[in-house]
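Each chain is listed here by its residues.
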Amino acid sequence: MDKPWKISRGPIAATELDVEKANAINVLLIRPVGVLPAKAGDSVLPFAVGLFNELRPLLKPDAGVTTLRRATAAYVHCRRYYFASAQPDSMRHGLDGEPVEPLSPEDRLVAQKRFLSLKQNTGKTDASEQTATVPAPLLSKSEQIRAALLGKRNAAS
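Residues numbered from 1 in each chain as written. Predicted model: local features only at pLDDT ≥ 70, side-chain atom pairs only at ≥ 80, totals over all residues. Heavy atoms only, no water.

Per an unreviewed UniProt entry, the chain carries the name ProQ/FINO family protein and comes from Rhizobium ruizarguesonis.

Here's the deal with the pattern of salt bridges
Our working rule: The term salt bridge refers to a pairing of a side-chain nitrogen on Lys or Arg with a carboxyl oxygen on Asp or Glu at a separation within 4 Å. The way it works is that DSSP assigns letters per residue, a run of H or I at least four long becomes a helix, a run of E at least two long becomes a strand, and they are numbered from the N terminus. Buried residues are those whose accessible area, probed at 1.4 Å on protein chains only, stays under 20% of the maximum for their type, while exposed residues exceed 50% and partly exposed ones sit between those limits.
Scanning the entire structure with this criterion turns up three salt bridges. Taking the shortest distance from any N to any O, the salt bridge between Asp18 and Arg80 comes out at 3.6 Å. Taken as a pair, Asp18 in helix H1 (residues 16-26) and Arg80 in helix H4 (residues 79-86) lie far apart in primary sequence, 62 residues in all. Residue classification places Arg80 among the partly exposed residues on the basis of a relative accessible area of 28%. Lys39 is the salt-bridge partner of Asp42, the closest N and O atoms lying 2.9 Å from each other. By relative accessible area, which is 52% here, Lys39 ends up exposed.

Remarks on the side chain of Ser90
Formally: Two N or O atoms form a polar contact when they lie within 3.5 Å of each other; inside protein one atom must be a possible hydrogen donor and the other a possible acceptor, and for residues adjacent in sequence the pair counts only when both atoms belong to side chains. Contacts were defined at the residue level, with two residues in contact if any of their heavy atoms lie within 4.5 Å.
With respect to the helices and strands, Ser90 occurs in the loop between H4 and strand S1 (91-93). A polar side-chain atom of Ser90 sits 3.0 Å from the main-chain carbonyl oxygen of Ser85. Within the structure, the side chain of Ser90 is placed 2.8 Å from the backbone oxygen of Gln87, a separation counted as a polar contact. Excluding residues that lie within four positions of it along the chain, Ser90 makes contacts with Ala84, Ser85, Pro102, Leu103 and Arg108.

Spelled out as C-alpha cells, the structure:
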C-alpha cells in the first residue's frame, strides 16, 4: 500500500450522512458553498488547500470559529471524503465547487491509507456487534429450582 491507486472509481456520491455534515457547515455560513454536497448522490469534492480560510469570512456573526472548525473536521475526516480524495483523478475544489488543482500523489496516498483504516475499523465494529452474545443471567440455586419446577408444572397442564 505504498503506491496510490491507479484505477478510478469515478465521482464518489455523497450519502445522507455526508449531506447532514455538509449542512452542519452551511448552516453556520451566510450562504451555502458549492463545494459541499446539497443532496445525496451529489459528488463529494476534496477541498482546496486553505479552503477553511475562505470559509471563515462567510461565518454568521452569531456562529463561532471553533464550531465551524469542528463541523468542517467532521466532514473532511469521514470515509467517503477520504475515498474521493484517494482517487487517481481527484481534484481539489474551491468554494464554488470548481476544480482548482489535482491532489498530489502524497495526499492521495494519505487519503487512501486513512480510507482503508476507517473501512477496516468499521468492519471490525460491525463484526463485533454481530457476534456479541448476551450472557445468560446468573440464577441462584433456589431460582434455578423454582424455574425447573414451574417448567414442569406448565408442561403438565
